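# Structure assessment
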Amino acid sequence: DVKVTQSSRYLVKRTGEKVFLECVQDMDHENMFWYRQDPGLGLRLIYFSYDVKMKEKGDIPEGYSVSREKKERFSLILESASTNQTSMYLCASSPLGPAGGYTFGSGTRLTVV
Amino acid sequence: EDQVTQSPEALRLQEGESSSLNCSYTVSGLRGLFWYRQDPGKGPEFLFTLYSAGEEKEKERLKATLTKKESFLHITAPKPEDSATYLCAVLGSGGSYIPTFGRGTSLIVHP
């Protein structure tokens, strides 16, 4: 069964910590994405990548960075965690063409205290 | 700019009470319309892709239809396990691979 795997389901971090969220997909998809989801705000795109070592800013990139050193892995980095980054983080992947929808990971619920 | 509006925001049904969820969209050149199901605390699960007006897709009690302005997700004789948030997204012909998501419809089916 094809999968997008996020390394942690739940994380609690302290304000100011550097936080790494890892995402791995086994479908050989070119495109990978990071979203955050908050009640009443829906899904908001943070960063995406169309290829290895390539990244593009989404709608809300401030306070975040990403890394894609291998095709299957896309990491989201919170440089200095703040309480307003408490959220559900969702990784997704899709093939290069528009034919398929996203495959999402199970999500990481991050709490910054 | 592509736009997606889902209605209603929330829907409560009795088990067996059929209904429909609406996804209205504006897009310049539709490449695909997607439906997802999301259970609480989990990532969205892909259900359907629709590409052109008149197309229909079915999966168990769910049937998705598409016109040039909207899509419906029909739920026939729902069961409590159909309770979830249903998300709609559209991909336009703008050249990127970033779909525009709606805010979702939260469905609760009471036994």
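Let me begin by describing the structure that accompanies this report. This one's a predicted model, so the numbers in the text were calculated from it and none came from an experiment. (Residues numbered from 1 in each chain as written. Chains lettered and ligands numbered in written order. Predicted model: local features only at pLDDT ≥ 70, side-chain atom pairs only at ≥ 80, totals over all residues. Heavy atoms only, no water.)

This part covers the overall build of chain B. Broken down by element type, chain B carries 0 helices and 11 strands. Going from the N terminus to the C terminus, chain B shows its helices and strands as β-β-β-β-β-β-β-β-β-β-β. Expressed as lengths along the three principal axes of its C-alpha atoms, the size of chain B is roughly 45 × 30 × 20 Å. Counting the 111 residues in chain B, one finds 44% classified as buried. Residue pairs at least 24 apart in sequence account for 56% of intrachain contacts in chain B once pairs closer than 6 positions are excluded. (Helix = DSSP H or I, 4+ residues; strand = E, 2+ residues; numbered from the N terminus. Buried < 20%, exposed > 50% of the residue type's maximum accessible area, 1.4 Å probe, protein only. Contact = heavy atoms within 4.5 Å.)

Looking now at the overall build of chain A. Helix and strand counts for chain A come out as 0 helices and 12 strands. Put simply, chain A runs from its N terminus to its C terminus through helices and strands in the order β-β-β-β-β-β-β-β-β-β-β-β. For chain A, whose C-alpha radius of gyration is 13 Å, the value lies close to the compact-globule estimate of 13 Å for 113 residues. For chain A, the C-alpha atoms occupy an extent of roughly 40 × 25 × 25 Å along the three principal directions. Residues classed as buried in chain A amount to 48% of the 113 residues present. Split by element, the accessible area of chain A, about 5400 Å² in all, is 51% carbon and sulfur. (Rg over C-alpha atoms; globule rule 2.2 N^0.38 Å. Areas by Shrake-Rupley, 256 points an atom, 1.4 Å probe, with all protein chains shown as cover.)

This part takes up unusual backbone geometry. With an omega of -10°, the peptide bond running from Ser7(B) to Pro8(B) counts as cis. Within the element layout of this structure, Pro8(B) appears in the loop between β1 (3-7) and β2 (10-14). In this structure, Lys53(A) takes a positive phi of about 65° despite not being glycine. As for its placement among the helices and strands, Lys53(A) is situated in the loop between β6 (42-49) and β7 (56-57). On the accessibility criterion, Lys53(A) (61% relative accessible area) is exposed.

This paragraph deals with the nonpolar core. Core analysis: the largest hydrophobic core is formed by 22 residues, its most contacted members being Leu33(B), Trp35(B), Leu73(B) and Tyr86(B). Listing elements by their share of this core, those giving two or more residues are β2, β3 (19-26), β4 (30-38), β5 (45-50), β7 (62-66), β8 (70-75), β9 (84-92) and β11 (105-110) of chain B. With 4 residues, the top contributor of residues to this core is β9(B). Discounting chain neighbours no more than four positions away, the residues touching Leu33(B) are Cys23(B), Tyr25(B), Phe48(B), Thr49(B), Leu50(B), Leu66(B), Ser71(B), Cys88(B), Ala89(B) and Val90(B). Membership of the second largest hydrophobic core comes to 21 residues, among which are Val19(A), Cys23(A), Trp34(A) and Val112(A). (Core = buried A, V, L, I, M, F, W, Y, C linked by side-chain atoms within 4.5 Å.)

Scanning the model with the defined rule gives 13 aromatic pairs over all chains in all. Seen in terms of ring centroids, Phe33(A) and Phe48(A) are 6.3 Å apart; in terms of plane orientation they differ by 25°. Their pairing is stacked. Here the residue Phe33(A) occupies a position in strand β5 (residues 31-38), and Phe48(A) occupies one in strand β6, the gap between them amounting to 15 residues. Given the relative accessible area of 0%, Phe33(A) is considered buried. Three or more aromatic residues joined by ring pairs make a cluster, and in this case those are Phe33(A), Tyr35(A), Phe48(A), Tyr50(A), Tyr102(A), Phe104(A), Tyr36(B), Phe46(B) and Phe101(B). (Phe/Tyr/Trp six-rings, centres within 6.5 Å; stacked < 30°, edge-to-face > 60°.)

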